[in-house]
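# Coordinate analysis (summary)
Here is how the chains run, residue by residue.
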Amino acid sequence: SDSIVLTATGNATIGWFNAANKLLATGSTFNAPPTIATTTYFARNGVVFPSLFVGPADSSIGTGANHNTSFTGTINFDAFDDITIHSAWVKSGAAGPRTVTLWDGYDGVGNVVEVRTIDIPFAGAGRVDLGFTVPGPGTYSIGLAQADLYRSASGVNYPYTISGLMSITGSPAGADRYYYFYDVEVSKTPCWSDSVAVTATVTDTADFSYTNANFAYSFTDLSPGATSWAWNFGDGNTSTQQ
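Residues numbered from 1 in each chain as written. Predicted model: local features only at pLDDT ≥ 70, side-chain atom pairs only at ≥ 80, totals over all residues. Heavy atoms only, no water.

### Describing the side chain of Ser92
Within the fold, Ser92 resides in strand β9 (residues 83–92). A polar side-chain atom of Ser92 sits 2.9 Å from a polar atom in the side chain of Arg98. Within the structure, the side chain of Ser92 is placed 3.5 Å from the backbone oxygen of Phe122, a separation counted as a polar contact. When residues no more than four places from it in sequence are discounted, the contact partners of Ser92 are Asn66, Arg98, Ile120, Phe122, Ala123, Gly124, Asp148 and Leu149. (Helix = DSSP H or I, 4+ residues; strand = E, 2+ residues; numbered from the N terminus. Polar contact = N/O pair within 3.5 Å; in protein donor to acceptor, adjacent residues only side chain to side chain. Contact = heavy atoms within 4.5 Å.)

### Side note on the nonpolar core
Core analysis: the biggest nonpolar cluster contains 38 residues, and Phe77, Ile85, Ile168, Tyr178, Phe181 and Val184 have the highest contact counts within it. Considering every element that reaches this core, the biggest residue donor is β9, with five residues. Each residue touching Phe181, except ones within four places of it in the same chain, is listed here: Ile75, Ala88, Trp89, Val90, Val100, Leu130, Ile142, Gly143 and Leu144. Listed in part, the 10 residues of the second largest apolar core include Ala8, Ile14, Val198 and Ala200. (Core = buried A, V, L, I, M, F, W, Y, C linked by side-chain atoms within 4.5 Å. Buried < 20%, exposed > 50% of the residue type's maximum accessible area, 1.4 Å probe, protein only.)

### Regarding the sheet that holds strand β15 (residues 160–162)
On the basis of which strands lie adjacent, the open sheet formed by six strands has the order β11-β10-β13-β8-β16-β15 and antiparallel pairing. Unpaired on one side and paired on the other, β11 (112–120) and β15 mark the two borders of the sheet. In this sheet, adjacent strand axes meet at a mean angle of 25 degrees when their direction is disregarded. Relative to β11, strand β10 (residues 96–103) is paired through eight bridges, and the arrangement is antiparallel. When the sheet's bridge partners are listed, Leu102 is paired in β11 with Glu114. (Pairing = 2+ DSSP bridges. Axes fitted to C-alpha atoms, helices over the stretch in contact; angles between N-to-C directions.)

Note that every value here comes from positions in space, so none of it alone points to a role or purpose.
Quick look at the structure:
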């Protein structure tokens, strides 16, 4: 159940990815999260570009309300390079997953580039990870239906632009609407090498046996290689004895 420290060397920035190809961390060391299962991560050497922010900072630009209908609300944008959309500020009506789509056209029309299930662990305002990769220059939109997210209905001032990266140009409901994703964090997409698998191997796991004699329970440690113990019996009692 301890964190395992993994290390790698390279001549640029080391990126650490999981099996789903999600970037977990950067740097020469990675603290793999505690687990009882052997887990393989992937290290890549790469050039990472700084993040910038585009769009209204939050929903305070004007009036609006949470929007939760079958209408697909999107932010329409022009990409000037291959970019990664890392995160955004949202105001959520309820916690829960959202299915967000990236299209290669305005207003949710065009080919689907990528679909991601985004976890929003809060009701209210906060940032969420998006992780969309825009493959190159062109017109795009990103959004969803049944969003239960805040939509601005006034105070919108298109375009919102980062020179050389991205310009948010409008919405499917006109120039006085802004849908869902504020203060969008973007960067030029990192240039990564091929992956090297790095395995966090777990060989010893905690185990125990117990006996019950007329509701008097005795616990015996069966953990191979253990050097310290922390029992929690669930009733407020603990012990550090083997």
